[in-house]
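If you want the building blocks of each chain, they are given just below.
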Amino acid sequence: MIAKNTSFYDWAYDWVDERLGVSDLAAFARKKTVPVHAQSFWYYWGGISLFLFMVQCFTGVLLLVYYRPGADSFESVRQITYSMHFGWLIRSAHSWSANLMMFSILVHMFSVYFMKAYRKPRELGWLSGMALLGIASVFGFSGYLLPMDELSYFATKVGLEIPVAIPLVGPAIANILRGGPDVTEFTVQRFFALHVVVLPALFLPLLGFHLWLVQKHGNAMPPSEEAKPAIERKTMPFMPNFLRKDIAMWLISLNVLALLASVFPWQLGKQYDALAPAPVGIHPEWYFMSPFEMLKLLGTVLPGAVGEIAGILLFTVGIALWVMIPFYDKDRESGRRGRNAHYFGLVAVILLLGTTVIGYWSVK
Amino acid sequence: MSSHIVLERPGVKPEQEGEKATRRAFLIAGTAAGLAYTAAMAYPIYRYLASPEEMASSASAIKEVSLKDAQKLPAGSVLMFKFGTSPAMLIHHADGTWASLSAVCTHLGCTVQYEPQMDRIHCACHGGVYNPYTGANVSGPPPKPLKKFNVVVGESSVEVSRV
């Protein structure tokens, strides 16, 4: 019954709230504030990554409508690209958005790193973020094979040679991933299962956890802000003020994506042919360029299997250090450790950018 | 509604009126832009999802089918073939006459079966029965007769065309 002085809206809200506890959720949502300062721009990049991930889910489901894994995969992608209305656009949006998402995740990661947002109590945010980046890379690697054109065939062939260098278990791991000694329709089939079932099942709960942590702890302030007295710091509520700005950023991202996807449609190469030689100038996607170039450079210093094992070892140690940084540079009292972490980050950026540039240079 | 009446009372400050007008204009422009965005995305997605249907409708626009060597079909038997996108029957009756009918039951779309020993066309789904010469619905749930095609038996083929 609608009591006196209460509108239907209030009554409906109470009805839902009593059963679902919406007001607790709303209170949790209102709690978060966003610091306002000169570096606030970097706070957008996690949201942009999230938006592009949603685009991936949406366009991915649309591609799933016509994609056929296995022996038919190239033909089905050819059909999507050339026969279905706007299929080229949806495929192009999926590929472009994948690349933009990798880019925005990397920007997000480095901004978190240099603003020291991994420090106590945000260690789990950093760890879950690193796991999300890892899964996103596997998304990229597995998705790249699905059209089964020349480039995807050789990229997968080369990529799966890397685990072979692991002593003892390497070849077995590679064969299990590949589904046999060669890249075939079995490889596409299992990469497809990975890409559309296994990886989303891992990614989504982890993403939920990551976002819940951000909501719980709020955005971290960079050390320069933390140094200011509390009355000089400015904040804005996340709900709805910053969310509104976030959505504006999403609109900008959508426009950039629409422009790129329609003006530079993603190409489909020739169907893979196990007997054809690798095309000249073949190179990995930009986000895999740096590790490939590092392995190549290391191979010239330490030729043969020694170099490969050394390379993999070096990567493993480097990534482990990067992941464990919150336990080295723990909080604002870190002092020297904080500075060391900063230099380590600079070395990582220079190394990544440098080897990427060298990689593209040597391809040319 | 009462709050609106209060705001519109004379004596309200002019800039408040102006603020309200720009707010309304902003909301209208925003809604229009939102609708334009939605339409710009919904149209390609609709066309993408509707692609097979458009391909099917161009295939079903076919007016004539040539069935090679079908003139050799023995009397009292049937040849199932595709007319455009849907199944159809070419029946050579025991009395030597020919008939071609759609094989799609007019009740709920199951594919029907020619039964020469019963001299009828039967649908196994809900027991509909049709006349194998005319396609007329004889008994059971079918509301309409089966669609009938023209048959011309040639030297090396049978030509089936829409009436």
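Rules used throughout
- Residues numbered from 1 in each chain as written.
- Chains lettered and ligands numbered in written order.
- Predicted model: local features only at pLDDT ≥ 70, side-chain atom pairs only at ≥ 80, totals over all residues.
- Helix = DSSP H or I, 4+ residues; strand = E, 2+ residues; numbered from the N terminus.
- Buried ≥ 20, exposed ≤ 12 C-beta atoms within 10 Å, placed from the backbone.
- Contact = placed C-beta atoms within 7 Å.
- Nonpolar A, V, L, I, M, F, W, Y, C, P; charged D, E, K, R; others polar.
- Pairing = 2+ DSSP bridges.
- Axes fitted to C-alpha atoms, helices over the stretch in contact; angles between N-to-C directions.
- Arc of directions from axis to C-beta.
- Parallel < 35°, antiparallel > 145°, perpendicular 65-115°, else oblique.
- Left-handed = near helix turned anticlockwise from the far one by under 90°.
- Domains from an automatic or database assignment.
- Core = buried A, V, L, I, M, F, W, Y, C linked by C-beta atoms within 7 Å.
- pLDDT = per-residue confidence, 0-100.

**Here's the deal with the overall build of chain A**
Scanning chain A for helices and strands turns up 14 helices and two strands. In chain A, buried positions account for 27% of the 364 residues. Counted over contacts in chain A with a minimum sequence separation of 6, partners at least 24 positions apart contribute 79%.

**Considerations on the overall build of chain B**
A tally of helices and strands in chain B yields two helices and 10 strands. Scanning chain B from its N terminus toward the C terminus, one meets helices and strands in the order α-α-β-β-β-β-β-β-β-β-β-β. Burial statistics for chain B: of 163 residues in total, 18% are counted as buried. If you take every contact in chain B between residues at least 6 apart in sequence, the share linking residues at least 24 apart comes to 35%.

**Describing the interface of chain A and chain B**
With eight residues of chain A at the interface, the matching set in chain B holds six residues. If one sorts the elements of the side of chain A that touches chain B by residue count, helix α5 (residues 87-114) of chain A sits on top with three residues. In terms of residue class, the side of chain A that touches chain B is built from six nonpolar, two polar and no charged.

**Some points on the sheet that holds strand β1 (residues 64-68) of chain B**
All names here are of chain B. Taken in spatial order, the six strands line up as β1-β10-β9-β4-β3-β2 in an open sheet, and their pairing is antiparallel. Two strands bound the open sheet, and with one partner strand each, they are β1 and β2 (77-83). Neighbour-to-neighbour, the strand axes of this sheet turn through a mean angle of 25°, independent of strand direction. Strand direction decides the pairing type here: β1 and strand β10 (residues 157-162), joined by five bridges, are antiparallel. Considered in β10, the bridge of L67 is made with V158.

**Focus: helix α4 (residues 73-82) of chain A**
Residues and elements named next belong to chain A. Taken residue by residue, α4 has S73, F74, V77 and I80 as its buried positions. On an axial view of α4, the arc spanned by its buried residues comes to 125°, and they lie on one face. More than 90 degrees from the buried face of α4, the exposed residues found are E75 and Y82.

**Some thoughts on the sheet that holds strand β6 (residues 120-122) of chain B**
Read from one edge of the open sheet, four strands run β5-β6-β7-β8 (chain B), paired in antiparallel fashion. A single partner strand is all that each edge strand has here, and the edge strands are β5 (113-115) and β8 (137-139) of chain B.

**Focus on the packing of helix α3 (residues 44-64) of chain A against α5(A)**
Residue and element names in this part refer to chain A. Running from amino to carboxyl end, α3 crosses α5 at an angle of 155°, the nearest separation of the two axes being 8 Å. Judged by the angle between their axes, α3 and α5 are roughly antiparallel. α3 and α5 meet at a crossing whose hand is left-handed. Class assignment for the residues of the contact of α3 with α5 results in 14 nonpolar, 10 polar and one charged.

**What about the domain arrangement of chain A?**
Residue and element names in this part refer to chain A. When the domains of chain A are assigned, the result is domain 1 (32-272) and domain 2 (283-364). The distance between the C-alpha centroids of domain 1 and domain 2 comes to 20 Å. When contributions to the side of domain 1 that touches domain 2 are tallied by element, the ones reaching two or more residues are α5, α6 (123-145) and α10 (223-226). Per-element tally for the side of domain 1 that touches domain 2: the top contributor is α6, with six residues. When the residues that make up the side of domain 1 that touches domain 2 are grouped by side-chain class, the tally is 14 nonpolar, one polar and five charged.

**Examining the nonpolar core**
Membership of the largest hydrophobic core comes to 55 residues, with the highest contact counts inside it found for L52(A), I90(A), A93(A) and M101(A). The residues contacting L52(A), other than those within four sequence positions of it, are S97(A), L100(A), M101(A), S104(A) and S253(A). Judged by nonpolar contacts, the second largest core, of 21 residues, contains F83(B), M89(B), A99(B) and V112(B).

**Remarks on the environment of L259(A)**
In this structure, L259(A) sits in helix α11 (residues 238-263). The class of L259(A) is exposed, set by 11 C-beta atoms lying within 10 Å.

**Topic: the confidence of the model for chain B**
Residue and element names in this part refer to chain B. In the predicted model, chain B carries a mean pLDDT of 89, and 89% of its residues have values of at least 70. Confidence over residues 1-9 falls short of pLDDT 50; this stretch has one contact with residues more than four positions distant or in other chains. Both confidence scores are given for the complex: pTM 0.87, ipTM 0.88.

**Thoughts on the packing of α6(A) against helix α7 (residues 150-159) of chain A**
Residues and elements named next belong to chain A. At a closest axis distance of 8 Å, the pairing of α6 and α7 adopts a crossing angle of 135°. The angle between α6 and α7 places the two elements in the oblique class. Contact with α6, carried on its side by F141, Y144 and L145, involves S152, A155, T156 and G159 of α7 and no other residues of that element.

**Side note on unusual backbone geometry**
Residue and element names in this part refer to chain A. Across the junction of K120 and P121, the peptide omega takes the value 5°, indicating a cis bond. Examined against the element boundaries, P121 turns out to sit in the loop between α5 and α6. Geometrically, the link from M239 to P240 is a cis peptide bond, its omega value of -5° lying close to zero. Locating P240 in the fold gives a position in helix α11.

**A word on the environment of F292(A)**
Residues and elements named next belong to chain A. On the secondary structure map, F292 appears in helix α12 (residues 286-301). Looking at F292, the number of C-beta atoms within 10 Å reads 18, which means it is partly exposed. Ignoring any residue separated from it by four or fewer positions in sequence, one finds F292 in contact with P284 and G359.

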